[in-house]
Amino acid sequence: MLLLNPGPVTLTERVRRSLLQPDLCHRESEFFDLQDEARARVLNVYRLDRAEWAAVLMTGSGTAAVESMIAALVPDGGKLLVVENGVYGERIAQIASQYRIAHEALNHDWLQAPDVKRVVARLEADRSFTHVAVIHHETTTGRLNDLRALGAACRERGVRLLVDGVSSFGAEAIGFDNGSIAAVAATANKCLHGVPGAAFVVVRREALAQAASRTFYLDLGRLARAQDQRNTPFTPSVHAYYALVEALREFEEEGGWPARHQRYALLAEQARAGLDARGIGSVLPPSESSVVLRSYRLPAHLSYTQLHDGLKAHGFVIYAGQGRLSAELFRISTMGDIHAADVERLLQVLTDLLR
Ligand SMILES: Cc1ncc(COP(=O)(O)O)c(C=O)c1O
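Calculation criteria
Residues numbered from 1 in each chain as written. Predicted model: local features only at pLDDT ≥ 70, side-chain atom pairs only at ≥ 80, totals over all residues. Heavy atoms only, no water. Buried < 20%, exposed > 50% of the residue type's maximum accessible area, 1.4 Å probe, protein only. Helix = DSSP H or I, 4+ residues; strand = E, 2+ residues; numbered from the N terminus. Pairing = 2+ DSSP bridges. Contact = heavy atoms within 4.5 Å. Axes fitted to C-alpha atoms, helices over the stretch in contact; angles between N-to-C directions. Parallel < 35°, antiparallel > 145°, perpendicular 65-115°, else oblique. Left-handed = near helix turned anticlockwise from the far one by under 90°. Nonpolar A, V, L, I, M, F, W, Y, C, P; charged D, E, K, R; others polar. Near = heavy atom within 4 Å. Polar contact = N/O pair within 3.5 Å; in protein donor to acceptor, adjacent residues only side chain to side chain. Areas by Shrake-Rupley, 256 points an atom, 1.4 Å probe, with all protein chains shown as cover.

1. Notes on the pairing of strand E9 (residues 181-187)
Of all seven residues in E9, seven are buried, a share of seventy percent or more. For strand E8 (residues 160-164) and E9, the ladder comprises four bridges, and the chain directions are parallel. Of the residues in E9, the one forming a bridge with Asp 164 is Ala 185. Pairing geometry for E9 and strand E10 (residues 197-204), over five bridges, is antiparallel. For Thr 187, the partnering residue across the bridge sits in E10 and is Ala 199.

2. Notes on the environment of Arg 294
Position of Arg 294 among the secondary structure elements: in strand E11 (residues 293-297). Taking C-alpha positions, Arg 294 is 30 Å from Ser 18, a pair spaced 276 residues apart along the chain. In contact with Arg 294, not counting residues within four places along its chain, are Ala 268, Glu 269, Arg 272, Pro 286, Ser 289, Phe 330, Arg 331 and Ile 332.

3. Quick word on the packing of helix H2 (residues 29-45) against helix H9 (residues 238-253)
Viewed as axis vectors pointing N to C, H2 and H9 meet at an angle of 40°, and their least axial separation amounts to 9 Å. Comparing the axis directions of H2 and H9 gives the class oblique. Relative to H9, H2 is oriented so that their crossing is left-handed. Where H2 abuts H9, its residues Phe 31, Leu 34, Gln 35, Glu 37, Ala 38, Arg 41, Val 42, Asn 44 and Val 45 lie against Val 238, Tyr 241, Tyr 242, Leu 244, Val 245, Leu 248, Arg 249, Phe 251 and Glu 252. Grouping the constituent residues of the contact of H2 with H9 by class yields twelve nonpolar, two polar and four charged.

4. Details of the sheet that holds strand E4 (residues 103-107)
If you walk across this open sheet you meet the seven strands as E2-E10-E9-E8-E5-E3-E4, and the pairing is mixed. Single-partner strands in this sheet number two, and they are strand E2 (53-60) and E4. Each neighbouring strand pair of the sheet contributes to a mean axis angle of 20°, computed without reference to strand direction. Here helix H3 (residues 62-73) sits on the sheet in contact with E2, strand E3 (80-84), strand E5 (131-135), E8, E9 and E10, set at roughly 155° to E9.

5. Section: the sheet that holds E11
Pairing is antiparallel in the open sheet, where three strands are placed in the order E11-E14-E13. Each edge of the open sheet is held by one strand with a lone partner, namely E11 and strand E13 (319-320). Relative to strand E14 (residues 329-333), E11 runs antiparallel, the two being bridged by five bridges. In the strand pairing of E14, Leu 293 is matched with Ser 333.

6. So, the site of the ligand
Surrounding the ligand, one finds Ser 61, Gly 62, Thr 63, Tyr 88, Arg 91, Ile 135, His 137, Thr 139, Asp 164, Val 166, Ser 167 and Lys 190. Taking Ser 61, its side chain carries an N or O atom lying 2.5 Å from an oxygen atom of the ligand. Here Gly 62 contributes a backbone N or O atom positioned 2.9 Å from an oxygen atom of the ligand. In the complex, the protein chains occlude 86% of the 390 Å² of accessible area that the ligand would expose alone. Elements with a contribution of two residues or more to the shell around the ligand: H3 and helix H4 (87-98). Along the lines of polarity and charge, the residues of the shell around the ligand split into three nonpolar, six polar and three charged.

Next up, the structure:
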């Protein structure tokens, strides 16, 4: 089965085999070597200086990393502006509500880009905002939100940017050097091609020094302190860490994030052009989309279930739209061990289904 959903991804044989390494106690030096390598390699994805940045690992899915970041980095006296244009932006506001973090959600239509002017207006009108949270790649629609413009607006006002990079880390440019990004949360099992169970926050050491978490298990500061001392507070998902390290070695050998970006861009364009030729339009223009996932309008005479089941019978798993968009669109991601020949076969199956 080929997974064209936005993670977990189709694994390479190399990463799959890495799961079969020796049983490992997480209190032994071999585990800490593995943890150290994972942390160093995560930072190296964007060539970050370890004196300035830390990669903090945790066991859990992408949401764990996002929750850990939000719960620790907005201080008690601070206030968070959540830029929402999809499900994952809404989730950050829900996390903030649950932890009673002072916040305001800046809602946008799910098909619209964040309006930087509105963000600036809110930051100007209420000087108590200390942080802005945004989703880099809003997987709800495939939209790539403009971190550069938001980052500049934040930097000029001394506001820190917290980024959900769960579905972009490793495949899209992230301007870590723009001065406003305090942290990016991400996961092993999307653009990095690992397995679910390992997630991480890449955080400025300066922000980490002031972190005060509201959660026990996902306490970013405690996790970082333990990991800096070659330790771990709890039992990590050792096998997910094996896979993450192997996936990161493979990632580096293949040319790092620029190569992955280029590979995804070719596959996404192949799928878009092929679907377009079959009368299925993309919801957003390529210039506004990530290379990771695209959303498409459902064909008039096929329901999502018919489309999904028809493709699944031929070995492809696609993904539905979320919330109110489920009636209108479906999504295709080309993350993972997916190649041009796979996309070609998908298009052939689609031709038959559309007859
Ligand atoms: C942008 C974004 N944020 C957060 C998540 C949540 O990740 P998880 O389901 O691994 O918790 C996802 C999942 O697709 C996502 O795409």
